[in-house]
Amino acid sequence: MKSAYLLLALSLPLAAGKDLPSWIQEAAHRPMPSYSSKVTQEVLFSEERLAVAPDGKRSMTERQAIRILQTSKHSLFAARTYNTKTGRIRDFRAWMLPTSGSVVEYDKKRIVDVALDQQGSYDEARAKVIECDPNSSPGTIFAYEVTEDEDTIFTTYHYAFQDADPTAVSRFVLTLPAAWEENGILFNHAPVAPQTSGNTYTWELRDLPWIEAQDYGPGMHDLAPRLGVTYFPASTPNHALTPLKDWTSVSSWFARFADPAAALTPPVSSKTSELTRAAANDMDRIRALAKFVQQTNYVSVQMNIEHGGGYTPRPATDVLQKNYGDCKDKATLLRALLKGAGIDSYAVSLYSGDRDYVKREWASPMQFNHAIIAIKLPAGVESLAAVESAKLGRLLIFDPTDPYTPVGDL
């Protein structure tokens, strides 16, 4: 579906180029180094500017100029995702600088708005896309500039200085209100202190080499330079703008969303009694409740993301009655059912798919994509899936979204 939309956009006209921004003109004059024959394009200039308002709302302007070195089976396009409830793409422009002929600016009609999830899940995320003409000859430069406005409670941000392509100049610029604090951590690269001008901080890297993908090798997240930024006001009347200075702050922030939904209600208590009626001990109770939640239908729910929706589960009673939910909903239902059995548990956030993805140095909730549960084991109960916590004791780690793995076998 997405490809069909993009192909349709190619039939629309181009507008005559005018008022070419100076950053594109400067990038276009960069010399072409010698690259491996496998390299199909180079990034001449990449920049993102993040401006934060006193109320936490932010505006992001992304710019990039790419030179085509040889034809490729992969289409070249510019895309920016946004949240339909709390954000918008304010402006989107793109240009093509052919090796011969005049500069052309893409007509606004070429912008295609697409859903990110084609599976019909509850998701407010979309993307606006402009595709470069697939018949562009080597030497052609494709450039774009897109500005997104976003109302969010998040005070952390991530910027990748490159993907796999060689990159001549890559820059991230952060502008904060007066008296706000910032902390930026660079990964996969030697530390670089930002250039500071008033309340504006700039990180810049140059001459980043091509990164060749390798079979069974680490992903670009572990190879390409990237920046994790945290910013926060010294004081603010907006309680939603929590200073996430460390992991304790992130945990407290997370609990504010996760804990209320796991309250024990009469319907949940009744279900716990029904499911554990034949259980002989605490471990039998845990197994019975876990098995029930595993069979609850999984439905992805991605709503109100920029205001903590990704961390806010639906109330356990609703999940029980409707018999569906996503990972955080299923974890919350199990927490509530366990309360009915007198067993404590804790919500756990993680990144599913790469055990090294989450970096301890950057205390940010943006590093997670999955929710599971840690069950406090009663005295005398052992399990190979348990971990020892100095503060909380022995915790049984369990993923209620996995419909097949029995509790204790993670």
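Everything quoted here is computed from the prediction, not taken from an experiment.

> I would appreciate a short explanation of the layout of surface pockets in the present structure.
A probe matching the size of a water molecule, rolled over the atoms, marks out where space remains unfilled. Taken as a whole, the second largest pocket holds about 1,300 Å³ of empty space. In this structure, the second largest pocket is lined by 28 residues; those nearest its centre are Ser251, Ala347, Val348, Ser349 and Phe368. Listing elements by their share of the lining of the second largest pocket, those giving two or more residues are helix 3 (247-258), strand 20 (345-350), strand 21 (370-376) and strand 23 (393-398). Ranked by residue count, the leading element in the lining of the second largest pocket is helix 3, at eight residues.

> How should I be thinking about the pairing of strand 3 (residues 58-68) in this particular structure?
Looking down a regular strand, the side chains alternate between one sheet face and the other. Of all 11 residues making up strand 3, 10 are buried, and the element is well covered by its neighbours. Here strand 2 (residues 41-52) pairs with strand 3 via 11 bridges, running antiparallel. The partner of Glu42 across the bridge, within strand 3, is Arg67. Counting the residues that bridge the hairpin from strand 2 to strand 3 gives five residues, and of these Gly56 lies at a positive phi of roughly 95 degrees. As paired strands, strand 3 and strand 10 (residues 141-150) are joined by 10 bridges and run antiparallel to one another. Bridged to Gln64 within strand 10 is Tyr144.

> Where do I start with the side chain of Thr202 in this structure?
Tracing the backbone shows Thr202 in strand 15 (residues 200-208). Given the relative accessible area of 16%, Thr202 is considered buried.

> Any chance you could explain the sheet that holds strand 7 (residues 112-115) here in plain terms?
Hydrogen bonds between backbone groups are what pair the strands of a sheet, and the pairing can be parallel or antiparallel. Across the sheet, three strands lie side by side as 4-9-7; this open sheet has antiparallel pairing. One side of each edge strand has no neighbouring strand; the edge strands of this open sheet are strand 4 (77-83) and strand 7. Here the strands of the sheet are splayed against their neighbours by 30 degrees on average, with no regard to which way each runs. Pairing geometry for strand 4 and strand 9 (residues 125-131), over seven bridges, is antiparallel. Residue pairing in the sheet places Asn83 in a bridge with Ala125 of strand 9.

Procedures and definitions
Residues numbered from 1 in each chain as written. Predicted model: local features only at pLDDT ≥ 70, side-chain atom pairs only at ≥ 80, totals over all residues. Heavy atoms only, no water. 1 Å grid on protein atoms, 1.4 Å probe; cavity = no way out; pocket = protein on both sides within 12 Å on 5 of 7 lines; lining within 4 Å. Points joined across faces, edges and corners; volume = space filled by probe spheres on them. Helix = DSSP H or I, 4+ residues; strand = E, 2+ residues; numbered from the N terminus. Buried < 20%, exposed > 50% of the residue type's maximum accessible area, 1.4 Å probe, protein only. Pairing = 2+ DSSP bridges. Axes fitted to C-alpha atoms, helices over the stretch in contact; angles between N-to-C directions.

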